[in-house]
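Residue-level structural notes
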Amino acid sequence: MTPRRIIAGCLICAAVAGLGLSQLDRLRQMKGQLAFQARQLILGITLAPDIMIPMPDGVTLATDVYRPKGAAADLPTILIRLPYGKSTYGEALRWVQTWVPRGYAVAVQDIRGRFGSGGVFAPYAGAVSDGSATLDWIAAQDWSNGRVAMGGCSALGEVQLMQAKAGGPHLRALIAEGAGGAIGSGSASRAYFAFFEGGIPNLAAAYGWFSANGGKTGDQMHGVAIDAAQVIGQLPTGTLVSRNRADPTDYEDFLSHFDDPAYWDALGYLQATDSFDTPALHMNTWHDIGVRGTFEAAALMRARATTIAARDHQHVIIGPGLHCDPNAAFAARGVGDLTVAPASAPDLDAIYASWLDHWLRDAPLPQMPQYTYFVNGADRWDTSDVWPPANVAVQTWYLQPGQLTQNAPAAPSSASFAYDPMDPTPSIGGPICCTGGLNLLAGPLDQRPNAGRSDILAFTSGPLPEPLTLAGDITARIVVSTDVPDTDLVAVLMDIGPDGTMLAIQQGALRLRYRNGFDRPAPLLTPADVVTANVDFPPIAYRIAAGHRIGLHISSASFPRLERHMNGAGLNALSATPRIARNTLWFGPDGGSALVLPVQPSH
């Protein structure tokens, strides 16, 4: 195992909060708390702990307020709302240590039903009204200047984007990191908590997160000790958490409600009809599980803005890393098996400081484009005011047996593979987080361990005569037939080097019943049906070097990253009866299978 892969694995483990703690873990936590308290004294930070802020329904939410020592009034405030424990969660405490010495108050709050707060937790029932009441409380304090920003990553970012649709005079700006999971029916992806990809449950992340963090009341805050590698293969997938955790979670409801937008709308996920009045800085990484949602949320908030400030200031910054650790790729000189130049690291604290100082303190407006993004494979940053960038042209590469070519095949042909749910194509990298201890490596990894599997169709171009730079959204148009009622398609786009390395650029997936859109599940398939399915990839910016080849793997699984399809007709999450599918891809001169790439002129 390479050092880079070891680092990636450690990052995945670090993303999971709230697991049952061993005695050693508790000692380490106590040591961290003592160190934090010592730094508070050194940095001149005062704490008002466990303030119970009342909500309109009488529930109270536990909140710690940190302020600069000696600062009596007129403080701008950063609000951090989280489900992971306000007093111990490392990211929240980093916000305290970074921003209180700069003259900000920082309020850190356990959201409803978590740790010290009352009520019942669901991601994210009541979050918007609770956030509004908390903002009103902050603005009424004698130490506050009435201006509040929100910050944080993942769940900490998702509640920000939901809060933005509530409006109001106090919330002035957001720094929403890794927050694409907030997108709901207001987007094309319908990712919902980043729980789904192409209508397929993100199984490893969903099981890992809810088994560790799904407790619904403050007395159920730690997960159970589970051998995730043994559990993840059990069937049916829809009861994985309830079979191994005695207290209730929302895992089962999430799995069974994908086709019910009203369910997600009631939980606060973003809708197409929402409006927004808050400027936002959307920070994410190319291999985050919710990166597509970040692009979609920024576009929705821009299009549905009710103020000029909100319309003009939905800025997106995308780096090369994994979930909630945008600097790790630079420090480690890579992410997955992709090399990253450390000199390219941005100064995020400086960017955040100029952003917060403007919206909360009337400092000059920082000048930044709408999109700032790292080009993987080129080790450089680029900018654009639209996405995809205006200079992108669509380039079509046609599939035919074993090949990718820019010339359409002269005659029709086909290729088939058998997909067995009991021996599914294994996951190699991709957008993975929060797996509850499951030993999965995330990010852009070499796909050669899967090369040659009989359940994968492989397509390869000739060597590129010049570099090919991708920037935008990739689609694999797959013309397919199958002998089962429903199945999945999984596509992996690769950069194949002269030495044979098959580095994943990005991965996409689609459950075939959603080939006509998530609002219109298609009729079940018969062996005579030949249908077209567009497998959409998350956005990417990537430079494939001259002499390298474009590669594409098509299969029907990426397990355990994604739930494996049993190939039946009913709700897959409740099925324990596997069927082997024979899936056939069709090629030809008119409307055959193709790979559609967003290509920029070479720099």
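In this text, all values refer to a predicted model and were calculated from it rather than measured experimentally.

Let us look at unusual backbone geometry. Cis geometry marks the peptide bond from Pro 123 to Tyr 124, where omega comes out at 5°. The residue Tyr 124 is located in the loop between β4 (105–110) and α4 (127–140) in this model. Across the junction of Phe 559 and Pro 560, the peptide omega takes the value 15°, indicating a cis bond. Within the fold, Pro 560 resides in the loop between β25 (549–555) and β26 (581–587).

Attention now goes to the environment of Ala 331. If you trace the backbone, Ala 331 turns up in helix α13 (residues 328–331). When the C-alpha atoms of Ala 331 and Met 221 are compared, they prove to be 33 Å apart, with 110 residues separating the residues in sequence.

The final tally for this structure, using the stated rule, is 20 salt bridges. In this structure, the salt-bridge partner of Glu 296 is Arg 292, at a minimum N-O distance of 3.4 Å. Of this pair, Glu 296 and Arg 292 both sit in helix α11 (residues 291–303), four residues apart, which is roughly one turn of that helix. Judged by relative accessible area, Glu 296 falls into the buried class, the value being 14%. Of the residues examined, Arg 292 reaches a relative accessible area of 24% and is grouped as partly exposed.

Turning to the packing of aromatic side chains, a few remarks are in order. For the coordinates displayed, the defined rule picks out 42 aromatic pairs. Ring geometry for Phe 121 against Trp 209: centres 6.3 Å apart, planes inclined by 40°, an arrangement best described as tilted. Of this pair, Phe 121 sits in the loop between β4 and α4 while Trp 209 sits in helix α6 (residues 203–213), and the two are 88 residues apart along the sequence. Residue Phe 121 is classed as buried on the basis of its relative accessible area of 1%. Between the aromatic rings of Trp 264 and Tyr 269, the centroid separation amounts to 5.8 Å while the plane-to-plane angle is 80°, which identifies the pairing as edge-to-face. A relative accessible area of 0% places Trp 264 in the buried class. Note on Tyr 269: relative accessible area 0%, which makes it buried. We note Arg 361 situated over the ring of Tyr 104; from NZ or CZ to the ring centre the distance is 4.2 Å.

In contact at an axis separation of 9 Å, α4 and helix α5 (residues 155–164) are set at 80° when each is read in the N-to-C sense. Viewed along their axes, α4 and α5 adopt a mutual orientation that is roughly perpendicular. Residue-level contacts link Ala 127, Val 128, Gly 131, Ser 132 and Leu 135 of α4 to Val 159, Met 162 and Gln 163 of α5. Considered class by class, the residues forming the contact of α4 with α5 number five nonpolar, three polar and no charged.

Bringing the sheet that holds β4 into the picture now. On the basis of which strands lie adjacent, the open sheet formed by ten strands has the order β1-β2-β4-β3-β5-β6-β9-β10-β13-β14 and mixed pairing. Lying at the two open borders of the sheet, with one neighbouring strand each, are β1 (45–54) and β14 (380–384). With direction set aside, neighbouring strand axes in the sheet form an average angle of 20°. Sheet topology places β1 next to strand β2 (residues 60–68); eight bridges connect them, and they run antiparallel. Bridging across to β2, Thr 46 finds its partner in Arg 67.

Below, the discussion takes up α6. Taking burial as the measure, the eleven residues of α6 include eleven buried ones, the bulk of the element. Taken together, the buried residues of α6 touch β8 (200–201), α7 (228–231), α8 (240–244) and α9 (251–256).

Tracing the backbone shows Thr 487 in the loop between β20 (475–482) and β21 (488–496). Overall, the relative accessible area of 1% leaves Thr 487 in the buried class. Looking at Thr 487, its side chain comes within polar contact range of the side chain of Asn 567, at 2.8 Å.

Rules used in this analysis
- Residue positions are counted from 1 within each chain, in the order its sequence is given.
- Owing to the predicted nature of the model, reporting of local features is limited to residues with pLDDT of at least 70; listing and counting of side-chain atom pairs is limited to 80 or more, with chain, interface and lining totals taken over all residues.
- Excluded from the side-chain calculation are hydrogens and water; included are all heavy atoms of the structure.
- Secondary structure elements follow DSSP: runs of H or I of four or more residues count as helices, runs of E of two or more count as strands, with numbering from the N terminus.
- Here, a salt bridge means any side-chain nitrogen of Lys or Arg that lies within 4 Å of a carboxyl oxygen of Asp or Glu.
- Here's how the labels work: a residue is buried when its accessible area is under 20% of the maximum for its type, exposed when over 50%, partly exposed in between, all with a 1.4 Å probe on protein chains only.
- Classification of ring pairs rests on two measures: the distance between centres of Phe, Tyr or Trp rings, Trp counted by its six-membered ring, which must be within 6.5 Å, and the angle between planes, read as stacked under 30 degrees, edge-to-face over 60 and tilted in between.
- By the criterion adopted, a ring carries a charge over it if an Arg CZ or a Lys NZ lies within 6 Å of its centre and within 35 degrees of its normal.
- Helix axes use the C-alpha atoms of the stretch in contact, all axes being lines fitted to C-alpha atoms, and the angles between their N-to-C directions lie in the range 0 to 180 degrees.
- Oblique is the label for every angle not falling under 35 degrees (roughly parallel), over 145 degrees (roughly antiparallel), or within 65 to 115 degrees (roughly perpendicular).
- Only heavy atoms matter for contacts: two residues are in contact if any of them lie within 4.5 Å across the pair.
- Gly is put with the polar residues, along with every residue not named as nonpolar or charged; the nonpolar set is Ala, Val, Leu, Ile, Met, Phe, Trp, Tyr, Cys and Pro, and the charged set is Asp, Glu, Lys and Arg.
- Only strands that DSSP links by at least two bridges are regarded as paired with each other.
- Pairing of N or O atoms within 3.5 Å defines a polar contact, subject to two protein rules: one partner must be a possible hydrogen donor and the other a possible acceptor, and residues neighboring in sequence count only if both atoms are side-chain atoms.

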